[in-house]
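Fold and contact review
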Number of protein chains: 2
Amino acid sequence: MSFASTLVQGKGVGSDVGVALLGHGTVGKQVLRFIGDNGDDLAHRIGGRIVVKGVAVGNPDKHKDDVPAELLTTDAEALIERDDVDIVVEVIGGIDYPRKLILKALNAGKSVVTANKALVAAHSQELAEAADKAGVDLYFEAAVAAAIPVVGPLRRSLAGDQVEQVMGIVNGTTNFILDAMDTTGADYDTMLKKAMELGYAEADPTADVEGHDAASKAAILASLAFHTRVSFDDVYCEGISKVTADDVEAAKQAGYTIKLLACCERITAPDGTEKVSARVHPTLVPRSHPLASVSKSFNAVFVEAEAAGRLMFYGNGAGGAPTASAVLGDLVGAARNKVHGGRAPGESTYANLPIADFGEISTRYHVDMEVHDRVGVLAEVSKVFSDKGVSLRTVRQEESDDSARLIVVTHTAREADLAATVEALKNLEAVTAVNSVLRLEGE
Amino acid sequence: MSFASTLVQGKGVGSDVGVALLGHGTVGKQVLRFIGDNGDDLAHRIGGRIVVKGVAVGNPDKHKDDVPAELLTTDAEALIERDDVDIVVEVIGGIDYPRKLILKALNAGKSVVTANKALVAAHSQELAEAADKAGVDLYFEAAVAAAIPVVGPLRRSLAGDQVEQVMGIVNGTTNFILDAMDTTGADYDTMLKKAMELGYAEADPTADVEGHDAASKAAILASLAFHTRVSFDDVYCEGISKVTADDVEAAKQAGYTIKLLACCERITAPDGTEKVSARVHPTLVPRSHPLASVSKSFNAVFVEAEAAGRLMFYGNGAGGAPTASAVLGDLVGAARNKVHGGRAPGESTYANLPIADFGEISTRYHVDMEVHDRVGVLAEVSKVFSDKGVSLRTVRQEESDDSARLIVVTHTAREADLAATVEALKNLEAVTAVNSVLRLEGE
């Protein structure tokens, strides 16, 4: 097998486009396989052949069965610098090393395709400036929800609309765990273990279960949606490791399912200032909402825009082949631009909206607490909410012996007011414990 | 209100892009309103101002309250020819007149954005050749499923993948009617009437209910997905006007819902030739399939690709604002190309696959018939199926007095074999009527 598409006779199919592949793991292997298998098709779509000039890896011995020896190299920098390399595809992962390599590529006038959400979320400004300066493309569709087209639709299809909200299930590991908890009633630890056994969770699952992976994607989605630079550090992030079987059951009884959502929205502060908020947290979603039926490790991104209304994009949000699909789509785009001229829309941060403090956002809350089972408790608890300006929508009480469980769903309230309410509840004699505070979206 | 975005100070925002708007109906009004309201944003995203140079309508008096008099004109051709018009937006509808105008625009070197599915499905070759010759853009995201990004994802995001199948609910009127039949048990005529009352169906609903509108979209989707020119005339088309309340009920009992699907697929003929099939017909979809839960007048397009796996795009498939969203996204794209250079990917028909005869496609079937209620009938009927090479998956019999109803679901069979089976069944003494033959997809 040759990792160059066959030379195709015919109009417009002539120029070669040299590609350096950095990394040959799960995604890199699929990218290489696809170029080998479907090179003719790609050549027709591009108007020129994709020719892989080299594959940079840490240990060539581990890859010599899959990649011709003459393509393997440990010297990624030298590969990037080669005159016959036009486009650099980065599928290594990590931050510091790929950052250095991508900057080197951009500074050398090579377009870059990357699947690296952590890098893009942390260093978008630096990367975008380097791409702009060199007049080359920086593509990263694969960084959010793998094969599901999200970056492209936000950058292009919705470029004439005003996006108001983006809510996404953008992490397959956590969705698998929460979906399994919802379906079986089992607890978090059991289902995390199962996710590990089935390969849905890594040996160290921290980045997934604590929401860091989703937070990187939230930063990217918010940046694109609101034409504002939003970095990983700007995203409020809360993972799923504290979600209990009780939470899931209580949500179920109230008609909700719990999902780890990346929520990005444009909000208007009391003084009229428009701000951007991006946050990741376990969220109650009504079972009738399209996001509620996203099961297993699937991903979905829900977008609400002024003219378009509500849109949803659904599919495989991880895995070698789905991620490779997005990388290859970007590669074809960058290669077309090399052959025919033109550039993809670059970073758009003109709106430059301030990032809202987490306390400024407004949503609804599901508060689960233990209270003493005596006359007047409900009145005391209700007063705490109303004193802080939080109004209640539903109250459910479950009794057992001399204690009672009180589950409250609020109307829309400010996060800061809710936080103050929870502090006050904890200090209230009638409340023995605040079991959980979960946010509620999608109504 | 000025229908030009305010001049924006800042880097790269300088050049004006002149736009001619042809048509000022439901969609045109929203396009104009959005340019007026959000011109500054568009200017930033484009790197230049959108300036509407004129709005061509049939009767200016009808529009003078919404459009400044100096912009209104009845002379669309003169407007297109103006030197300061760079991009022509066509939202008139119909075929012959907009075809003439769009060709005029392309031949004059102006990029074109159109929402006209019927025109694109009927004349894509002519339009694409004119755009290629002039080196300008021809965009038509709004032609399929309005605001739902489908054309863009197929043209760009999936450009490195191999699409195997596209199945879509791409007509809101018929989905509204079928969904209402499914929910209420009412018959077709009742729900068509309700759709008309609620504004979901037009006074003459033929194009919608007979599947012509969906067939235009199927032609466009198949062309994009398989890099092959597929025209409206290549699409097998069967509407929903013959779907009965009995069909819906029988489907429901078997765990399906009936949807009008546009099915586009790549099939391999017995001799190994790859072919393309595009068809529109009422289809049984398992209730667990993502398309089954697409209710009311919503649209959804389901794509299966080799690397990406299964994707679904969901949203508003019609209406003034959602259609305008897609038109505006295209307009921003065409304007960016005017300002910065470059062209959108043009028509890609290199694969040039033959169109399969309808008899060559394979699917599963749900056949509902009346039979005599006597010994041996099931054996006779089964023999007809097996003689024609169609194997049965399930058989359900319902008895009443001296007749019986037999509902058969087949395994995958060739359309030609199934058609021959149905002919033979009609000639069988034991069969008094073949009530319906419905295809089944999504398993």
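Nothing here was measured: the structure is a model prediction, and the numbers come from that model.

All names here are of chain B. The strand order S3-S2-S1-S4-S5-S6 describes an open sheet built from six strands, whose pairing is parallel. Strands at the two margins of the open sheet, each flanked by one partner only, are strand S3 (72-73) and strand S6 (138-139). Of the pairings in the sheet, the one linking strand S1 (residues 16-22) to strand S2 (residues 49-56) comprises seven bridges and is parallel in character. Counterpart to Val 17 in the pairing with S2 is Ile 50.

All names here are of chain A. Listed under "binding site: NADP(+)" (unreviewed entry) in the UniProt record, and renumbered for this structure, are Leu 22, Gly 23, His 24, Gly 25, Thr 26, Val 27, Gly 28 and Lys 29. Within the secondary structure, Leu 22 sits in strand S1 (residues 16-22). When neighbours within four sequence positions are excluded, Leu 22 is seen to be in contact with Ala 56, Ala 76, Leu 79, Ile 80, Val 88, Val 89, Glu 90, Val 91, Ile 92 and Leu 101. Counting through the fold element by element, Val 27 comes out in helix H1 (residues 26-46).

Formed by 164 residues in total, the largest nonpolar core has its most connected members in Val163(A), Ile177(A), Val163(B) and Ile177(B). Once residues within four sequence positions are removed from consideration, Val163(A) is found in contact with Leu154(A), Leu158(A), Ala225(A), Phe226(A), Arg266(A), Val303(A), Glu304(A) and Ala305(A).

The next subject is the relation of the copies chain A and chain B. What connects the two chain copies is a rotation about an axis and a shift along it. Least-squares fitting of chain A to chain B yields an RMSD of 0.1 Å, with the superposition described by an axial translation of 0.0 Å and a rotation of 180°. Interpreted geometrically, this transformation is the action of a two-fold axis. Considering only C-alpha atoms, the part of chain A nearest the rotation axis is Gly342(A), at 1.8 Å. By residue overlap, the copies meet face to face through one surface: 100% of the interface positions of chain A are interface positions in chain B.

This brings us to the pairing of strand S10 (residues 274-286) of chain B. Residues and elements named next belong to chain B. Across the 13 residues of S10, twelve count as buried, placing the element largely inside the fold. In the sheet, strand S8 (residues 236-237) pairs with S10 via two bridges, with the strands oriented parallel. Its bridge partner lying in S10, Tyr 236 is registered against Arg 279. Across 13 bridges, strand S9 (residues 256-268) lies against S10 in antiparallel orientation. The residue bridging Leu 261 from the neighbouring strand is His 281, located in S10. Adjacent in sequence and paired antiparallel, S9 and S10 are bridged by five residues, among which Gly 272 carries a positive phi angle near 90°.

Let's shift gears to the interface of chain A and chain B. Counting residues at the interface gives 44 residues for chain A, matched by 44 residues for chain B. Together, the buried faces of chain A and chain B total about 3,900 Å²; carbon and sulfur atoms form 53% of this surface. Between chain A and chain B we count two salt bridges in total. Its salt-bridge partner being Arg33(A), residue Glu306(B) comes within 3.6 Å of it at the nearest N-O pair. Put simply, the parts of the chain that give the side of chain A that touches chain B at least two residues each are H1, helix H5 (151-157), strand S12 (309-316) and helix H11 (320-340) of chain A.

This part is about the UniProt feature "binding site: L-homoserine" (unreviewed entry) in chain A. Residue and element names in this part refer to chain A. When the UniProt feature table is mapped to this numbering, "binding site: L-homoserine" (unreviewed entry) covers Glu 202. Relative to the helices and strands, Glu 202 resides in the loop between helix H7 (188-197) and helix H8 (206-209). Using a relative accessible area of 54% as the deciding quantity, one classes Glu 202 as exposed. Ignoring anything within four residues of it in the chain, the contact list for Glu 202 reads Met 196 and Asp 208.

What follows is about the packing of aromatic side chains. All names here are of chain B. Across all of its chains, the model carries seven aromatic pairs over all chains by this definition. With 3.5 Å between their ring centres and 5° between their planes, Tyr 236 and Phe 358 make a pair best called stacked. With Tyr 236 in strand S8 and Phe 358 in the loop between helix H11 (320-340) and strand S13 (362-372), the pair connects residues that are 122 residues apart, well separated along the chain.

Every α-helical turn comprises 3.6 residues, leaving residues that sit three or four positions apart pointing alike. End to end, H11(B) covers 30 Å across 21 residues, agreeing with the expected 30 Å (1.5 Å per residue, within 8%). Residue Gly341(B) follows H11(B) closely and has a positive phi angle near 85°.

Residue and element names in this part refer to chain A. Domain boundaries in chain A define domain 1 (16-148 + 321-340), domain 2 (151-316) and domain 3 (361-440). Measuring from the centre of the C-alpha atoms in domain 1 to the corresponding centre in domain 2 gives 28 Å. Contact with domain 1, which involves 17 residues of that partner, is made by 22 residues of domain 2. Summing the contributions of domain 1 and of domain 2, the shared interface buries around 1,500 Å²; its carbon and sulfur component is 64%. Broken down residue by residue, the surface that domain 1 buries against domain 2 is led by Ala 121, Val 144 and Ile 148, which jointly contribute 38%. Put simply, domain 1 and domain 2 have one salt bridge between them. For Lys 117, the salt bridge identified is with Asp 213, shortest N-O distance 3.6 Å. Applying the counting criterion to the domain 1 and domain 2 interface returns four residue pairs in polar contact (both at pLDDT 80 or more). When grouped by side-chain class, the residues that make up the side of domain 1 that touches domain 2 number 13 nonpolar, two polar and two charged.

Procedures and definitions
Residues numbered from 1 in each chain as written. Chains lettered and ligands numbered in written order. Predicted model: local features only at pLDDT ≥ 70, side-chain atom pairs only at ≥ 80, totals over all residues. Heavy atoms only, no water. Pairing = 2+ DSSP bridges. Helix = DSSP H or I, 4+ residues; strand = E, 2+ residues; numbered from the N terminus. UniProt positions renumbered as here; feature names shortened; annotations may be inferred. Contact = heavy atoms within 4.5 Å. Core = buried A, V, L, I, M, F, W, Y, C linked by side-chain atoms within 4.5 Å. Buried < 20%, exposed > 50% of the residue type's maximum accessible area, 1.4 Å probe, protein only. Least-squares fit on C-alpha atoms with pLDDT ≥ 70 in both. Buried area = accessible area lost by both parts, 1.4 Å probe. Salt bridge = Lys/Arg side-chain N within 4 Å of Asp/Glu carboxyl O. Phe/Tyr/Trp six-rings, centres within 6.5 Å; stacked < 30°, edge-to-face > 60°. Expected span 1.5 Å × (residues − 1). Domains from an automatic or database assignment. Polar contact = N/O pair within 3.5 Å; in protein donor to acceptor, adjacent residues only side chain to side chain. Nonpolar A, V, L, I, M, F, W, Y, C, P; charged D, E, K, R; others polar.

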